[in-house]
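What the coordinates show
Below, each chain spelled out in residue letters.
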There are 2 protein chains.
Amino acid sequence: MPASKTTSTRRAAVIKALAHPSRLLIAEALMDGEMCVCDLKDLVGADLSTVSKHLSLMRDAGVLNSEKRGLNIYYSLACACLGDFLRCVDQLAPAKGKCTSKGCC
Amino acid sequence: MPASKTTSTRRAAVIKALAHPSRLLIAEALMDGEMCVCDLKDLVGADLSTVSKHLSLMRDAGVLNSEKRGLNIYYSLACACLGDFLRCVDQLAPAKGKCTSKGCC
DNA sequence: ACTTTACTTGGTGGTTTCGCCAAGTATCAA
DNA sequence: TTGATACTTGGCGAAACCACCAAGTAAAGT
């Protein structure tokens, strides 16, 4: 069945939440487990408010969950499937050449 | 191993190429096989120049291939992995609720 | 109550993206 | 070679995005 326009729009909103270097870096880091905002700030190296806005955006898109414990707010991946997602991305943007890795295309 | 900033930037560039409703719609349509620009124009419902620019962007990002045959230029997916990619996206943005489908999370 | 720490929200200016129109290129047919 | 079709490229205004600063909120310690 062909995808409808509304389906594509909904999916694109999720993809957009990952389509920024800092946001993707955050998501990749969270694959190893939850982190608080201050740790992610150090990772990204941007202003705290900037990181916070990235995190809110990703949470609103459904990519992240957040939980407050004491003074800290811990963010975690909403879904463990990010690895498959990135495997596809890396096939599309190989370091060199075109889809030469095993099992690709 | 943790992802580096340059890795995230390279990946984000690919993801960005799919992070737009019209571009994603195009990619989804091409899962069923190649199409020429004029067919994709009808699918998207935008100006021909707009569609052409979306296609160029996706090709430059490595998502699409293009081949000229006669007057037409046929675009096709560069990688068959898009299905896995979208499966993950749909888990992140379920129509309702949170990751309730089988095999998710 | 006051301070500190951790984070969010509002605002702002600079950059990027987006979609259309107009003009250009390339291929094929007559 | 003239014309038609298929697509690309340049340019422009409108909208969205991004990163910082400043100010606000919330929990915990003193």
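So, here is what we can say about the structure in this document. Since this is a predicted model, take the numbers as computed values, not measurements.

Analysis parameters
- Residues numbered from 1 in each chain as written.
- Chains lettered and ligands numbered in written order.
- Predicted model: local features only at pLDDT ≥ 70, side-chain atom pairs only at ≥ 80, totals over all residues.
- Heavy atoms only, no water.
- Contact = heavy atoms within 4.5 Å.
- Buried area = accessible area lost by both parts, 1.4 Å probe.
- Salt bridge = Lys/Arg side-chain N within 4 Å of Asp/Glu carboxyl O.
- Least-squares fit on C-alpha atoms with pLDDT ≥ 70 in both.
- Helix = DSSP H or I, 4+ residues; strand = E, 2+ residues; numbered from the N terminus.
- Buried < 20%, exposed > 50% of the residue type's maximum accessible area, 1.4 Å probe, protein only.
- Axes fitted to C-alpha atoms, helices over the stretch in contact; angles between N-to-C directions.
- Left-handed = near helix turned anticlockwise from the far one by under 90°.
- Nonpolar A, V, L, I, M, F, W, Y, C, P; charged D, E, K, R; others polar.
- Near = heavy atom within 4 Å.
- Polar contact = N/O pair within 3.5 Å; in protein donor to acceptor, adjacent residues only side chain to side chain.
- Phe/Tyr/Trp six-rings, centres within 6.5 Å; stacked < 30°, edge-to-face > 60°.

**Looking at the interface of chain B and chain A**
Counting residues at the interface gives 43 residues for chain B and 43 residues for chain A. Between chain B and chain A, the buried area comes to about 3,600 Å², and carbon and sulfur atoms account for 69% of it. Considering only the side of chain B, the residues that lose the most area to chain A are R11(B), I15(B) and L92(B), jointly responsible for 18% of the buried surface there. Inspection of the chain B/chain A interface yields four salt bridges. For R11(A), the salt bridge identified is with E28(B), shortest N-O distance 2.6 Å.

**Describing the relation of the copies chain B and chain A**
Take chain B, turn it by 180°, move it 0.0 Å along the axis, and it overlays chain A with an RMSD of 0.0 Å. Put plainly, the chains are arranged around a two-fold axis. Residue F85(B) of chain B places its C-alpha closer to the rotation axis than any other residue of that unit, at 2.4 Å. Of the residues that chain B buries at the interface, 100% are likewise interface residues in chain A, meaning the two copies contact each other through the same surface.

**So, the side chain of S8(A)**
Among the structural elements, S8(A) can be located in helix α1 (residues 5–18). Under the relative-accessibility criterion, S8(A) is labelled buried at 0%. If near-sequence neighbours (up to four positions away) are discounted, S8(A) is found in contact with A3(A), P21(B), L24(B), L25(B) and E28(B).

**Observations regarding helix α2 (residues 21–30) of chain B**
Burial runs high along α2(B): nine of the 10 residues are buried. Listing the buried residues of α2(B) in full gives S22(B), R23(B), L24(B), L25(B), I26(B), A27(B), E28(B), A29(B) and L30(B).

**Section: the packing of helix α5 (residues 82–92) of chain A against helix α5 (residues 82–92) of chain B**
For the pair α5(A) and α5(B), interaxial distance at closest approach is 8 Å and the crossing angle is 145°. Pair α5(A) / α5(B) crosses with left-handed handedness. Residues L82(A), F85(A), C88(A) and V89(A) of α5(A) form the contact with α5(B), whose own contacting residues are L82(B), F85(B), C88(B) and V89(B). A class-by-class count of the residues in the contact of α5(A) with α5(B) yields eight nonpolar, no polar and no charged.

**A look at the protein's contact with DNA strand C**
What surrounds DNA strand C is a group of 22 residues, the closest being S52(A), K53(A), Y75(A), S49(B) and H54(B). Taking all atoms of DNA strand C within 4 Å of the protein, the share assigned to sugar and phosphate is 58%. Within the backbone of C38(A), an N or O atom sits 2.9 Å from a phosphate oxygen of DNA strand C. In the environment of DNA strand C, a base nitrogen lies 2.8 Å from a nitrogen or oxygen atom belonging to the side chain of S49(B).

**Points about the packing of aromatic side chains**
Inspection of the entire model under this criterion finds one aromatic pair over all chains. With centroids separated by 4.2 Å and ring planes inclined at 25°, the aromatic side chains of F85(A) and F85(B) adopt a geometry described as stacked. Note that F85(A) is positioned in helix α5 and F85(B) in helix α5, a pairing that runs across two chains. The exposure class assigned to F85(B) is buried, which follows from its relative accessible area of 0%.

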